[in-house]
Amino acid sequence: MHGKVLVIDPIATNRIVLRVKLAANHYDMAQADSVADAMRAIAQSTPDLILCADTLPDGGPLRLMARLRKAGLAGKVPMIVLSSDDAPASRLQLLAAGVDDVLLKPVEDMLLLARARSVIRAYASASEWKLRDGTSRALGFAEPNAHFGPAQHARIVSYDPTCIDLWRPALGRKSTAALSTCLPGDAVSDHSPGDAPDAFILVVEPGTGGDMLGLLATIRSHADTRHSAILAVLVEPDARLGAQLLDMGANDLMAFDRDPAELALRLEAQLTRKRMTDALRDTVRSGIEAAVIDPLTGLHNRRYAMPHLARIAERAAQTGKPFAVMVADMDHFKAINDTHGHAAGDAVLVETATRLRENLRAVDLVARIGGEEFLIVLPGAELANAKKAAQRLCRVIRDTVFEVPELPEGIWATISVGMTVYDPANRATPTLAHSPETLLDRADKALYGAKANGRDRVTLSRPAA
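Numbers given for residues are sequential positions, taken from 1 along each chain in its written order. Two thresholds apply to this predicted model, a pLDDT of at least 70 for residue-level local features and 80 or more for giving and counting side-chain atom pairs, whereas whole-chain, interface and lining totals are computed over all residues. Side-chain figures throughout are based on the complete set of non-hydrogen atoms in the structure, without hydrogens or water.

Chemist: I keep staring at the pattern of salt bridges and nothing clicks. Help me out?
Modeler: Note on definitions: salt bridges are taken to be side-chain nitrogens of Lys or Arg within 4 Å of carboxyl oxygens of Asp or Glu. Per the stated rule, a full pass over the model turns up 23 salt bridges. Across the salt bridge formed by D101 and R266, the nearest N and O atoms sit 2.8 Å from each other. Of this pair, D101 sits in strand β5 (residues 101–104) while R266 sits in helix α9 (residues 260–292), placing them 165 residues apart in sequence. R266 carries the same exposure label as D101, and that label is buried. A cluster of three or more residues bridged by salt bridges with shared partners is formed by D86, R91, D101, R115, D252, R258, E262 and R266. Put simply, DSSP H or I for four residues or longer makes a helix, DSSP E for two residues or longer makes a strand, and each gets a number counted from the N terminus. In this scheme, a residue with accessible area under 20% of its type's maximum is buried, one over 50% is exposed, and one in between is partly exposed, where area comes from a 1.4 Å probe on protein chains only.

Rendered as C-alpha cells:
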C-alpha cells in the first residue's frame, strides 16, 4: 500500500467514488461523514492523507483543523480540501489555516493522484528527518539549535520576468524572502556555490512545459538545489502537465490566474517547511558527526574507527593488497598534564593530531581511540613502507617543539608506535587474523614493546600473514 487515505464527505456517493479511485491505486482507504466521525477514525489509526469536503454537517475543514490542532496532530497529517467554492477568500482562509491544497471539483483523476503522492511524500520525508533528529537527541548526540540563519531567497523563473510586477506587492506583504527573477537557462547556474535559492517559482507558460520539466529535473539533481522548494504555476490549465510536475518533484502547484495573495501563502508555507527541514537535517548531521568525531582533536573516534578498519580488512581480502595497523601513544603524557596542566596537555594532543594527519595520505585513517592513544591504518601499505611511515611520524613529533599558550619555551614530546601488517595474499592465515580486534590487539602488544624498550620508537608485531 502507498499509504492510508481518510475520505471525509457527507455524501456516500462521493466517498465511494474516491474510495474506488484511490484503492485502485493501492491506497488503504478509510471513510467518515462528519468531523466527529473523522476524529474517531483518526484516533483508531492516523492516516497519511486526509481528503475533506468543503462542507460537513458538524462544521467543515476549518473545524477539523482546529480539532487536529487540539489533538496535537496539526502539521503531522496533510489535508487536501475538495471544494465546490472557487471564491478566493474561501481558498485563502483554508490555506492560511494550514490546509495543504484546495482542489476545485470536479478534479481530474491524474491530478488528484499526483497531488496525493506529492503531499504524502513531503510529509513522509519530514517525518523521517524528525525521527532521525529524535534518535540523535535520545542518544545524546545533539541538542536543538535556534534558527538565526540568513533571510531566505525565492527565485521566479519565467520567460517573461515582468510577471513579478503582478506578484511583488502580495509577496512583499506575506513573505520576508528576498525575490529575484531569471530566465530558465539561468535558474540553476546563476548563483554562488552554497548560496542556492530556497525556493523556485516556475512559471509554466503555453509551449514551455517540456523546458520546465527538464529544469525541474535539473534542480532536483543539482547538489546545491536538490532541497529547494519548488512551486509550479500553470498559466493555462493542463492536468496532465500538472501531474507530471508534481511527480517529478514540484512541491506545490497552482494556477496563474489565482489571487497573488494565494501565491504568497503557498510560497511562505513552502519556505517554512524548507526552513524546518533544513534545521532538522543540520541537527541530524551534527548528531552523526558528534557520534563519530572526537571533539578535542577533530579526528574520528573509536566508534568510527573500528567499523572502518573492518571495511579496510574486507576490501584487502577482496583485492589481495596488504595494509598496516598502528597504535601510537604519547610518551610520558601524564607528566605533561601534571607539570603544565591539562590545558597544555590538550594543546599537545591537538597539535599531535594535526601533525599525524598532515604526514599521512588522505586515504589513511587517523583516529583518537583513547586519552593519548591514536589508531592509524594505512591501506595498501607493505611492511617496508609502513615502517618508514611510522618512523616519519615519530620524527615529526620529536623534532619540533609544541607551542603552548603561556609557555614561551614550549613542550618537547615523543611518541611510541606499535605496528602490525596484514597481507591477505597469505592463504594460510586464518580469517580471525584480520579481524579488527585481532589487528588492534597485535598493534597494542607491539606498542607495549616500544614502551618497554625506551619509547620514541617503532616496534613491529609479528606480521599478521
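Chemist: Explain the packing of helix α11 (residues 333–340) against helix α12 (residues 342–358) to me, please; I cannot follow it from the model alone.
Modeler: Helix packing geometry: the angle between the two helix axes and the distance between the axes. Helix axes are fitted to C-alpha atoms over the stretch in contact, other axes to C-alpha atoms as well, and angles between N-to-C directions run from 0 to 180 degrees. Following both chains from N to C, one finds α11 and α12 inclined at 140 degrees, their axes separated by 6 Å at the closest point. Classified by the angle their axes make, α11 and α12 are oblique. Contact residues: F333, I336, N337 and H340 in α11; H342, A344, G345, V348 and L349 in α12. The residue makeup of the contact of α11 with α12, split by class, is five nonpolar, four polar and no charged. Angles below 35 degrees are treated as roughly parallel, those above 145 as roughly antiparallel, those between 65 and 115 as roughly perpendicular, and all remaining angles as oblique. Any two residues having at least one pair of non-hydrogen atoms within 4.5 Å are treated as being in contact. Under the scheme applied here, ten amino acids are nonpolar (Ala, Val, Leu, Ile, Met, Phe, Trp, Tyr, Cys and Pro), four are charged (Asp, Glu, Lys and Arg), and all others, including Gly, are polar.

Chemist: What should I look at first to understand helix α3 (residues 61–70) in this one?
Modeler: Given 3.6 residues per helical turn, the α-helix brings residues three or four places apart onto the same face. Buried within α3 are the following residues: P61, L64, M65 and L68. The arc enclosing the buried residues of α3, seen along the axis, measures out at 100 degrees, which places them on a common side. Close packing links the buried residues of α3 with β1 (4–8), α2 (35–44), β3 (49–53), β4 (79–83) and α4 (88–97). Downstream of α3 by a residue or two, G72 has a phi angle that is positive, lying close to 80 degrees. This arc describes the spread of directions from the helix axis toward the C-beta atoms.

Chemist: What is the right way to look at the sheet that holds strand β10 (residues 252–255) in this model?
Modeler: Consider a sheet: its strands pair through backbone hydrogen bonds, and that pairing is either parallel or antiparallel. Two strands make a pair as long as DSSP finds a minimum of two bridges between them. The strand order across the open sheet formed by five strands is β7-β6-β8-β9-β10, and the pairing between neighbours is parallel. Looking at strand neighbours, the two that pair on one side only are β7 (178–182) and β10, the edges of this open sheet. Direction aside, neighbouring strands of the sheet carry axes that sit 20 degrees apart on average. One ladder, built from six bridges, connects strand β8 (residues 199–204) with strand β9 (residues 229–234); its direction is parallel. Note on β9: the bridge partner recorded for F200 is I230.

Chemist: How do you make sense of unusual backbone geometry when you look at a structure like this?
Modeler: Glycine aside, residues mostly have negative phi, and peptide bonds are mostly found in the trans state. With an omega dihedral of -10 degrees, the bond running from K105 to P106 counts as a cis peptide bond. Tracing the chain through its elements places P106 in the loop between β5 and α5 (109–138). A positive phi angle, near 50 degrees, is found at H332, a position not held by glycine. Locating H332 in the fold gives a position in the loop between β12 (323–330) and α11. Positive phi, normally seen in glycine, also occurs at R455, with a value near 65 degrees. Relative to the elements of secondary structure, R455 occurs in the loop between α14 (436–452) and β18 (458–460).

Chemist: What is the right way to look at the packing of aromatic side chains in this model?
Modeler: In this description, an aromatic ring pair is defined by two values, namely the gap between the centres and the angle between the planes. Working definition: rings of Phe, Tyr and Trp (its six-membered ring) pair if their centres are within 6.5 Å, and the pair is stacked with planes under 30 degrees apart, edge-to-face with planes over 60 apart, and tilted otherwise. All chains considered together, the criterion is met by two aromatic pairs. Here the aromatic rings of W167 and F256 are separated by 5.5 Å at their centres, their planes lie at 55 degrees, and the arrangement is tilted. In this pair, W167 is assigned in helix α6 (residues 164–174) and F256 in the loop between β10 and α9, connecting sequence segments 89 residues apart. Where F323 meets Y422, the ring centres are 5.8 Å apart and the plane angle is 50 degrees; that geometry is what we call tilted. Linking F323 in strand β12 with Y422 in strand β17 (residues 415–422), this pair joins segments that are 99 residues apart in sequence.

Chemist: Explain the pairing of strand β6 (residues 153–157) to me, please; I cannot follow it from the model alone.
Modeler: Remember that side chains alternate between the two faces of the sheet whenever the strand is regular. Of all the five residues making up β6, five are buried; the element is thus mostly covered by neighbouring parts of the structure. Pairing between β6 and β7: five bridges, direction parallel. Paired with V157 across the bridge in β7 is C182. When the strands point away from the viewer and the path from the first strand over the helix to the second turns clockwise, the crossover is right-handed. Between β6 and its parallel partner β7, the chain crosses via α6, and the hand of that crossover is right-handed. Of the pairings in the sheet, the one linking β6 to β8 comprises four bridges and is parallel in character. By the bridge assignment for β8, I156 is matched with I201.

Chemist: Would you mind showing me how to read the sheet that holds strand β14 (residues 373–379) here?
Modeler: Read across the open sheet, the six strands follow the order β11-β13-β14-β12-β17-β18; overall the sheet is mixed. Taken across any chain shown, the strands that pair with only one partner, and hence form the sheet edges, are β11 (300–301) and β18. When β12 meets β17, the two strands line up antiparallel, connected through eight bridges. By the bridge assignment for β17, V327 is matched with G418.

Chemist: How should the nonpolar core be read in this particular structure?
Modeler: Here, nonpolar core refers to any group of buried Ala, Val, Leu, Ile, Met, Phe, Trp, Tyr and Cys residues whose side-chain atoms link them within 4.5 Å. Ranked by internal contacts, the top residues of the largest apolar core, which has 33 residues, are M326, M330, V348, F374, I376, L378 and I411. Of all elements in the fold, only β12, α11, α12, β14, α13 (383–398), β15 (402–404), β16 (407–411) and β17 reach the threshold of two or more residues within this core. Among the elements that take part in this core, α13 stands out by supplying six residues, more than any other.

Chemist: Just checking my understanding: could you explain the side chain of S416 for this structure?
Modeler: Within the secondary structure, S416 is located in strand β17. Residues adjacent in sequence count toward polar contacts only when both atoms are side-chain atoms; beyond that, a polar contact is any pair of N or O atoms within 3.5 Å, and within protein one must be able to donate a hydrogen and the other to accept it. A distance of 2.6 Å separates polar atoms of two side chains, one belonging to S416 and the other to D331. At 3.1 Å, the side chain of S416 forms a polar contact with the backbone nitrogen of D456. Filtering out sequence-adjacent residues up to four positions away, S416 remains in contact with V327, A328, D329, D331, L447, A450, K451, R455, D456 and R457.

What is shown is where atoms sit, not what they do.
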